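Structural characterization, general
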Amino acid sequence: GPPAPPVGICRPYCCDALEDCPEGTFCAPQPHFDAAAPAEEPRIPIPVCMPIQSCQLLGTDCPEGLTCSIVRANGATSCVPPGEGKLCEACECAPGYVCNFGTGVCFKLCDTNTNDCPGSGAICQGGTNLPDRVGVCVGGESSCQ
């Protein structure tokens, strides 16, 4: 028979605000679905609540092309498409970096056991919403002015 028409999934909208979504989901832009539009037509990204797929920060458990990042203020993590942002640059952040939602800039992730922060004077500081052994580089060359 003829191929089945493409199918979309209904998800609630969010306004890119961290806590707009129900527990177990996070706000992320997804390409708008239009079954009538040609497949090659560009899709407008719309922020919707997506299910959280827990992952390890600095780990390798995300599918290729995705990176593990903090997606909620409570420290929940999920696999997301990486951004370009490096230290002190605007979020969305590159792999190995995490968004400081208060300031909207990226911080470098680090291992608190090895203090692997680049440059001099930086320390790897854990936080209340960070998993064991994972911190962000602060101080020295890792400071954002």
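The structure contained in this document is the topic of the report that follows. (Residues numbered from 1 in each chain as written. Predicted model: local features only at pLDDT ≥ 70, side-chain atom pairs only at ≥ 80, totals over all residues. Heavy atoms only, no water.)

Within the secondary structure, Arg72 is located in the loop between strand S3 (67-70) and strand S4 (77-80). For Arg72, the side chain forms a polar contact with the main-chain oxygen of Pro22, separated by 3.1 Å. Within the structure, the side chain of Arg72 is placed 2.7 Å from the backbone oxygen of Thr25, a separation counted as a polar contact. (Helix = DSSP H or I, 4+ residues; strand = E, 2+ residues; numbered from the N terminus. Polar contact = N/O pair within 3.5 Å; in protein donor to acceptor, adjacent residues only side chain to side chain.)

It is worth spelling out the pairing of strand S6 (residues 105-111) at this point. On a regular strand, each side chain points to the face opposite its neighbour's, so the side chains alternate between the two faces of the sheet. Of all 7 residues in S6, 6 are buried; the element is thus mostly enclosed. Bridge count for strand S5 (residues 97-100) against S6 is 4 bridges, and the pairing is antiparallel. Pairing of Cys99 across the sheet is with Cys106, part of S6. Count of turn residues in the S5/S6 antiparallel hairpin: 4 residues, of which Gly104 carries a positive phi of about 75°. As defined by bridge partners, S6 adjoins strand S8 (residues 134-138) across 3 bridges and the pair is classed as antiparallel. When the bridges of S8 are listed, Cys110 appears paired with Gly135. (Buried < 20%, exposed > 50% of the residue type's maximum accessible area, 1.4 Å probe, protein only. Pairing = 2+ DSSP bridges.)

The next point concerns the environment of Asp111. Among the secondary structure elements, Asp111 is positioned in strand S6. With sequence-adjacent residues up to four places away left out, Asp111 is seen in contact with Leu58, Asp116, Cys124 and Arg133. At 2.7 Å, the side chain of Asp111 forms a polar contact with the backbone nitrogen of Asn113. (Contact = heavy atoms within 4.5 Å.)

Inspection of every chain in the model, using the stated rule, returns 2 salt bridges. We note a salt bridge from Glu19 to Arg72, for which the minimum N-O separation is 2.7 Å. Of the two residues, Glu19 is situated in the segment before strand S1 (25-31) and Arg72 in the loop between S3 and S4; the sequence distance between them amounts to 53 residues. One salt bridge connects Arg133 with Asp111, and the closest N-O pair in it is separated by 2.6 Å. Of this pair, Arg133 sits in the loop between strand S7 (123-125) and S8 while Asp111 sits in strand S6, placing them 22 residues apart in sequence. (Salt bridge = Lys/Arg side-chain N within 4 Å of Asp/Glu carboxyl O.)

Our focus in this paragraph is the sheet that holds S5. Taken in spatial order, the 4 strands line up as S5-S6-S8-S7 in an open sheet, and their pairing is antiparallel. Strand pairing shows two members of the sheet lacking a second neighbour, S5 and S7, which therefore form its edges. The average undirected angle you get between the axes of adjacent strands in this sheet is 50°. (Axes fitted to C-alpha atoms, helices over the stretch in contact; angles between N-to-C directions.)

This paragraph deals with the state of the cysteines. In the structure shown here, the tally under the stated rule is 9 disulfides. Bridging Cys55 to Cys68, the disulfide has an S-S length of 2.1 Å. Residues Cys55 and Cys68 are joined through a disulfide that is right-handed, its torsion about the S-S bond being 90°. Of the two residues, Cys55 is situated in the loop between strand S2 (45-51) and S3 and Cys68 in strand S3; the sequence distance between them amounts to 13 residues. Judged by relative accessible area, Cys55 falls into the buried class, the value being 8%. Between the sulfur atoms of Cys117 and its disulfide mate Cys137 the distance is 2.1 Å. Across the disulfide from Cys117 to Cys137, rotation about the S-S bond amounts to roughly -95°, and the bridge is consequently left-handed. Within this pair, whereas Cys117 is found in the loop between S6 and S7, its partner Cys137 is found in strand S8, the two being separated by 20 residues in sequence. Since its relative accessible area comes to 11%, Cys117 is described here as buried. Classification of Cys137 by relative accessible area gives buried; the value is 0%. Take Cys10: it sits in no disulfide, and the sulfur closest to it among the cysteines is that of Cys49, at 13 Å. (Disulfide = S-S within 2.5 Å.)

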